[in-house]
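Listed below are the residues making up each chain.
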Amino acid sequence: MGQGHYFECKKCGNKEFRPVYSFCLRFYKVNFSDDLLYDKINEEKFECTKCNTKYTREEIQNILQQIKQQRKGKD
Ligand SMILES: [Zn+2]
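We now turn to the structure provided with this report. Keep in mind it's a predicted model, so treat the numbers as computed, not measured. (Residues numbered from 1 in each chain as written. Predicted model: local features only at pLDDT ≥ 70, side-chain atom pairs only at ≥ 80, totals over all residues.)

Time to look at unusual backbone geometry. Not every positive phi belongs to a glycine, and Asn-52 is a case in point at roughly 65°. By the element assignment, Asn-52 lies in the loop between strand E2 (36-48) and strand E3 (54-56). On the basis of neighbour counts, which here come to 12 C-beta atoms within 10 Å, the residue Asn-52 falls in the exposed class. (Helix = DSSP H or I, 4+ residues; strand = E, 2+ residues; numbered from the N terminus. Buried ≥ 20, exposed ≤ 12 C-beta atoms within 10 Å, placed from the backbone.)

Here it is as structure tokens:
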């Protein structure tokens, strides 16, 4: 078992996050029609349990990717 490399909060260094979800319907009109269409947007964020800084899944993935790249460089 190797050493764990965690995603850490940029602000406080905390390693624990809780998911935060927003559920949204975005309505828009289509030309020449009275129908309203809508997009469902389920936004997922992760909030630091200490300082409440929010991160998107992409941000976390990107940073984990960077950690992976750095590890490769050391071997
Ligand atoms: Zn934090």
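Continuing now.
Read from one edge to the other, the open sheet built from 3 strands follows the order E1-E2-E3, with strand pairing classed as antiparallel. On the outer flanks of this sheet lie strand E1 (17-29) and E3, each paired with one strand and no other. Ignoring which end each strand starts from, the neighbouring axes of this sheet average 35° apart. Bridge count between E2 and E3: 3 bridges; the pairing is antiparallel. Within E3, the position partnered with Glu-47 by the bridge is Lys-54. (Pairing = 2+ DSSP bridges. Axes fitted to C-alpha atoms, helices over the stretch in contact; angles between N-to-C directions.)

Turning our eyes to something else, we now look at the pairing of E2. Burial analysis of E2 places just 1 of its 13 residues in the buried class, which makes it a mostly uncovered element. Of the pairings in the sheet, the one linking E1 to E2 comprises 13 bridges and is antiparallel in character. Considered in E2, the bridge of Pro-19 is made with Phe-46. Following E1, the chain reverses through 6 residues before pairing antiparallel with E2; Phe-32 in that reversal takes a positive phi of roughly 60°. Connecting E2 to the antiparallel partner E3 that follows it, the hairpin turn spans 5 residues, and Asn-52 within it adopts a positive phi of roughly 65°.

Residue position: Cys-24 is located in strand E1. Each C-alpha atom, one on Cys-24 and one on Leu-64, is 28 Å from the other, the two residues being 40 residues apart in sequence. Not counting chain neighbours up to four residues away, the residues in contact with Cys-24 comprise Ile-41 and Glu-43. (Contact = placed C-beta atoms within 7 Å.)

Keep in mind these numbers describe shape, not what the thing actually does.
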